[in-house]
Amino acid sequence: MNIFSRTVAALAVAATTLANAGHSHATAFAAWQVANVPFGDTLNVRKYPSGASQKQAAYPNGTVLQMTGKCTGGINLLNLANHSYWQQKHKIRNHWCQVWHDPARNGQFVTGWVYGKYITPFQ
């Protein structure tokens, strides 16, 4: 996928997310994408920041996710935006980060959590 197509895709996801946000308290989103998931596997989105928590959805490598910015350990992805790509990845690799998504694909967006090892800043 070329840079133009990826940018258009990310903007479409962001526009859809914001249009369907309803009563969300989130005002800004950080676009990150699923990466480094082993071949044939998917990244699970969990209800709470724990591998034992209920699975809400699963996404393959390359999927652009809308992150709320909130990660465990007091990390805010929005504050990392000015850091290098490597620094951003390194900072969250052992933390859970919150995603805003529509697991049922019915317009009912909810928050969930993904493990930082498997997401990278969207470029």
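Just so it is clear, the structure is predicted and the values come from calculations on it, not from any experiment.

Criteria and thresholds
- Residues numbered from 1 in each chain as written.
- Predicted model: local features only at pLDDT ≥ 70, side-chain atom pairs only at ≥ 80, totals over all residues.
- Heavy atoms only, no water.
- Phe/Tyr/Trp six-rings, centres within 6.5 Å; stacked < 30°, edge-to-face > 60°.
- 1 Å grid on protein atoms, 1.4 Å probe; cavity = no way out; pocket = protein on both sides within 12 Å on 5 of 7 lines; lining within 4 Å.
- Points joined across faces, edges and corners; volume = space filled by probe spheres on them.
- Helix = DSSP H or I, 4+ residues; strand = E, 2+ residues; numbered from the N terminus.
- Nonpolar A, V, L, I, M, F, W, Y, C, P; charged D, E, K, R; others polar.

Engineer: Help me understand the packing of aromatic side chains in this model?
Structural biologist: Counting across every chain of the model gives three aromatic pairs. Within the aromatic cluster, the residues linked to one another by ring pairs are Phe29, Trp100 and Phe109.

Engineer: Hey, could you run me through the layout of surface pockets in this one?
Structural biologist: The space that makes up the second largest pocket amounts to roughly 160 Å³. Surrounding the second largest pocket, Val37, Pro38, Asp41, Thr42, Leu43, Asn44, Arg46, Gly51, Trp96, Tyr115 and Tyr118 form its lining. At three residues, strand E2 (residues 43–46) tops the list of elements feeding residues into the lining of the second largest pocket. Here the residues of the lining of the second largest pocket are counted per class, giving six nonpolar, three polar and two charged.

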